[in-house]
Amino acid sequence: MDETLARILKLASDNPDYQSIANYLMSRRAYPSFQYMPVASNAYGSFAAPGLFSNVSDRGIVNLPRNTITTNPAEVVPTILHELTHATQNQLYKQYREIKNKKNQSDSEKQFLENFDKIMGAKPTEQIAKFSPEFAKENVGYRSRGDEALSHAIENANYPNSITTWSGPSHADPTLATQVMLLLDQAQRVQNQQPQSQGR
């Protein structure tokens, strides 16, 4: 890890939501690697998830612009939290499938499945539409899409005035951020009950 990234992650580690996200990803051996590479001109970073036809590892990769090296580390922390939320969503889906395929599910696992169904998938888009149908319709291709809605919500709830902020309708981001962090807390407790080899 280079010095720039080390400084950025040290700053990020002061944030409680980053700590929860990082702990969850590490408990599942899924904390992504980082690399500098060209990203879209209007983007501050991206998360490359593993897939059937990709060379990305199971942990995924957070891509950061090459100019990150010369950027104020504090300005990069919101992007780190945003992209790690994508990595977290990827693992929540994976954990959901693991539990769904179990023959005997504990009460806490059943509750996780139930809450997952209420929060993930198309649910964030539906909630944004309730707050502002116009915003949901105008941004259906990206900002109000389920996965991006949650990542922006976590970022904006923690860093509402950062240079990367793209706020959603009033009250939408805090509501979604609270929901996903509650689900993450439940997922972590379920994960902690699993044998060391499962999901890690």
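Above this text you will find the structure in question.
As the structure is a prediction and not an experimental result, all values here were calculated from the model.

> Outline the pairing of strand S3 (residues 61-64), listing residues and values.
By the alternation rule, side chains of S3 split into Ile 61 and Asn 63 and Val 62 and Leu 64, which are all buried. Direction of pairing for strand S1 (residues 33-36) relative to S3: parallel, over a ladder of four bridges. Looking at S3, one finds that Tyr 36 is bridged to Leu 64. When strand S2 (residues 46-48) meets S3, the two strands line up antiparallel, connected through three bridges. Along S3, the bridge assignment pairs Phe 47 with Val 62.

> Describe the packing of aromatic side chains, and please don't skip the residues or the numbers.
Under the defined criterion, the tally for this structure stands at five aromatic pairs. Ring centres of Phe 112 and Phe 116 lie 6.0 Å apart, and the angle between their planes is 55°; on these two criteria the pair is classed as tilted. Of this pair, Phe 112 and Phe 116 both sit in helix H4 (residues 107-119), four residues apart, roughly one helical turn. For the pair formed by Phe 112 and Phe 116, the shared burial category is buried. Cluster of aromatic residues (ring-pair linked, three or more members): Tyr 93, Tyr 96, Phe 112 and Phe 116.

Quick notes on the rules
Residues numbered from 1 in each chain as written. Predicted model: local features only at pLDDT ≥ 70, side-chain atom pairs only at ≥ 80, totals over all residues. Heavy atoms only, no water. Buried < 20%, exposed > 50% of the residue type's maximum accessible area, 1.4 Å probe, protein only. Helix = DSSP H or I, 4+ residues; strand = E, 2+ residues; numbered from the N terminus. Pairing = 2+ DSSP bridges. Phe/Tyr/Trp six-rings, centres within 6.5 Å; stacked < 30°, edge-to-face > 60°.

These figures capture arrangement, not role.
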